[in-house]
Amino acid sequence: MAGKEKLIVALDVPTLTEAQHLADELRGEVGMFKVGLELYSREGLGLLSWFSKESLPVFFDGKFHDIPNTVGAASAAVVSHGVKMFNVHAAGGAKMIGAAAEAAGNANGAKPILLAVTILTSMSQQVMNEEIGIAGQVDAQVKKLALLAQVAGADGVVASAEEAALIRQCCGKDFVIVTPGIRPSWAGHDDQKRVMTPKEAIANGADYIVVGRPIVKASDRKDAARRIVEELESSS
Ligand code: C5P
């Protein structure tokens with residue numbers, strides 16, 4: 001896969017107009033655009049029509065987690081917009097992941113990539129153990145959920161780049177690994193705590209990286225995207 005294809009830009013802006021502006025500026029420079037909960041909650045699923053009309057590939061980061069019937073129906077709605085990737089929480093269980101996988105399999109066009117979120121990178125060991133009540137190490141839980149997701153029909157996971165090597169080892173070379181929390185050496189960390197550079201993430205086994213603020217807030221966004229792609233090219 002070319003370096004450009006591995007780069008997903010997070011469209012973390014509040015309006016479709018701003019998202020369109022960003023996408024227009026970066027089309028041809030990056031592989032995919034991530035539409036997350038902020039933009040979706042403000043603009044609704046209809047915003048995906050613009051991306052499909054413009055033939056711009058979208059990762060719909062809705063992180064569904066509900067009963068299997070509801071997740072299946074919501075996934076079918078997302079899939080009908082021709083997204084390239086979408087996701088659910090692995091913690092919803094095999095039946096729920098399976099319902100999303102079935103919706104992906106029923107896509108009219110190319111089958112979208114179904115990802116499962118294991119443990120959010122924002123969740124600490126202490127919160128997982130004491131607030132949520134899941135015992136053990138985060139790593140062990142990530143591995144368990146990645147394997148569950150794979151068996152249940154997911155094509156891959158969203159995970160921290162720190163966990164990518166472990167997931168690659170247990171789920172094999174064809175399992176898709178998408179990693180946020182990426183910071184090139186020249187960018188600030190913002191609120192991300194455990195970051196990796198694009199090169200490190202790929203070396204650890206990631207297939208795709210998600211980058212938001214280092215590109216979105218850059219004074220020259222195209223240049224920022226190009227520098228990241230160059231780094232990705234040099235690591236392949
Ligand atoms: O601006 P930044 O590069 O930190 O943006 C990262 C994107 O990836 C955001 O859209 C954020 O919601 C998402 N994300 C993350 N960590 C996760 C899951 C998703 O940063 N564990």
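Coordinates for the structure precede this section.
Residues numbered from 1 in each chain as written. Predicted model: local features only at pLDDT ≥ 70, side-chain atom pairs only at ≥ 80, totals over all residues. Heavy atoms only, no water.

Each helix and strand in the chain was counted, giving 11 helices and eight strands. Computed over C-alpha atoms, the radius of gyration of the chain comes to 17 Å, within 12% of the 18 Å expected from 2.2 N^0.38 for 236 residues, which places it in the range of a compact globule. Each of the three principal axes of the chain carries a C-alpha extent, and together these read 45 × 35 × 30 Å. By residue count, 48% of the 236 residues in the chain fall in the buried class. Long-range pairs, those at least 24 residues apart, make up 67% of the contacts in the chain with a sequence separation of at least 6. Carbon and sulfur atoms provide 49% of the accessible area of the chain, an area that totals close to 10,800 Å². Charged side chains in the chain number 24 positive and 28 negative. The centres of these two groups are separated by 2 Å. (Helix = DSSP H or I, 4+ residues; strand = E, 2+ residues; numbered from the N terminus. Rg over C-alpha atoms; globule rule 2.2 N^0.38 Å. Buried < 20%, exposed > 50% of the residue type's maximum accessible area, 1.4 Å probe, protein only. Contact = heavy atoms within 4.5 Å. Areas by Shrake-Rupley, 256 points an atom, 1.4 Å probe, with all protein chains shown as cover. Lys, Arg positive; Asp, Glu negative; His and termini not counted. Charge placed at Lys NZ, Arg CZ, Asp CG, Glu CD.)

This part covers the packing of helix α7 (residues 138-152) against helix α8 (residues 161-171). Axes are the key here: two packed helices are described by the angle between their axes and the distance separating the axes. Between α7 and α8, whose axes approach to 10 Å, the crossing angle comes to 40 degrees. As judged from the angle between their axes, α7 and α8 are oblique. Here α7 runs over α8; the crossing is right-handed. Contacts from V138, D139, V142, K143, A146, L147 and Q150 of α7 reach α8 at E163, L166, I167, C170 and C171. Taken together, the residues of the contact of α7 with α8 break down into eight nonpolar, one polar and three charged. (Axes fitted to C-alpha atoms, helices over the stretch in contact; angles between N-to-C directions. Parallel < 35°, antiparallel > 145°, perpendicular 65-115°, else oblique. Left-handed = near helix turned anticlockwise from the far one by under 90°. Nonpolar A, V, L, I, M, F, W, Y, C, P; charged D, E, K, R; others polar.)

Turning to the packing of aromatic side chains, a few remarks are in order. The final tally for this structure, using the stated rule, is three aromatic pairs. For the ring pair Y40 and F60, a centre distance of 5.2 Å and an interplane angle of 90 degrees mean the geometry is edge-to-face. Here F60 lies in strand β3 (residues 58-64) and Y40 lies in helix α2 (residues 37-43), a separation of 20 residues in the sequence. Aromatic side chains W50 and F51 sit 5.0 Å apart centroid to centroid with 85 degrees between the ring planes, which places their arrangement in the edge-to-face category. Judged on exposure class, the residue W50 and its partner F51 are both buried. Cluster of aromatic residues (ring-pair linked, three or more members): Y40, F60 and F64. (Phe/Tyr/Trp six-rings, centres within 6.5 Å; stacked < 30°, edge-to-face > 60°.)

The next thing to look at is the site of the ligand. Around the ligand, a shell composed of 13 residues is seen, among which D12, T121, R183, G212 and R213 lie nearest. Separating an oxygen atom of the ligand from a side-chain N or O atom of K34 is a distance of 2.9 Å. At 2.7 Å, a backbone N or O of R213 approaches an oxygen atom of the ligand. Taken by itself the ligand offers 470 Å² of open surface, and the protein chains cover 82% of this. Of all the elements in the fold, those that place two or more residues in the shell around the ligand are β8 (208-211) and α10 (213-216). Its residues assigned to classes, the shell around the ligand comprises five nonpolar, three polar and five charged. (Near = heavy atom within 4 Å. Polar contact = N/O pair within 3.5 Å; in protein donor to acceptor, adjacent residues only side chain to side chain.)

The full count for this structure, using the stated rule, is zero disulfides. The closest cysteine sulfur to the non-disulfide-bonded C170 is located on C171, 3.6 Å from its own sulfur. Classification of C170 as partly exposed rests on a relative accessible area of 24%. (Disulfide = S-S within 2.5 Å.)

With that settled, the discussion passes to the packing of helix α5 (residues 94-105) against α7. Relative orientation of the contacting elements α5 and α7 amounts to 45 degrees, with a least axis distance of 8 Å. With respect to α7, the element α5 is oriented oblique. Regarding α5 and α7, the two cross each other, and that crossing is right-handed. Here A94, I97, G98 and A101 of α5 come into contact with α7, specifically with L148, A149 and A152.

A separate point is the side chain of K34. Take K34: it is sitting in strand β2 (residues 32-35). A polar atom in the side chain of K34 sits 2.7 Å from the side chain of D61. With near-sequence residues (within four places) excluded, K34 lies in contact with I8, V9, A10, L11, D12, F59, D61 and V210.

The next thing to look at is the nonpolar core. L7 and F51 are the most contacted members of the largest nonpolar core, which has 67 residues in total. Ranked by the residues each element gives to this core, the list is headed by α7, at six residues. F51 has contacts with L11, L16, A19, A23, F33, V35, L56 and V58, leaving out every residue within four places of it along the chain. If you look at the next biggest cluster of nonpolar residues, it comprises 13 residues, including I113, L115, V158 and V210. (Core = buried A, V, L, I, M, F, W, Y, C linked by side-chain atoms within 4.5 Å.)

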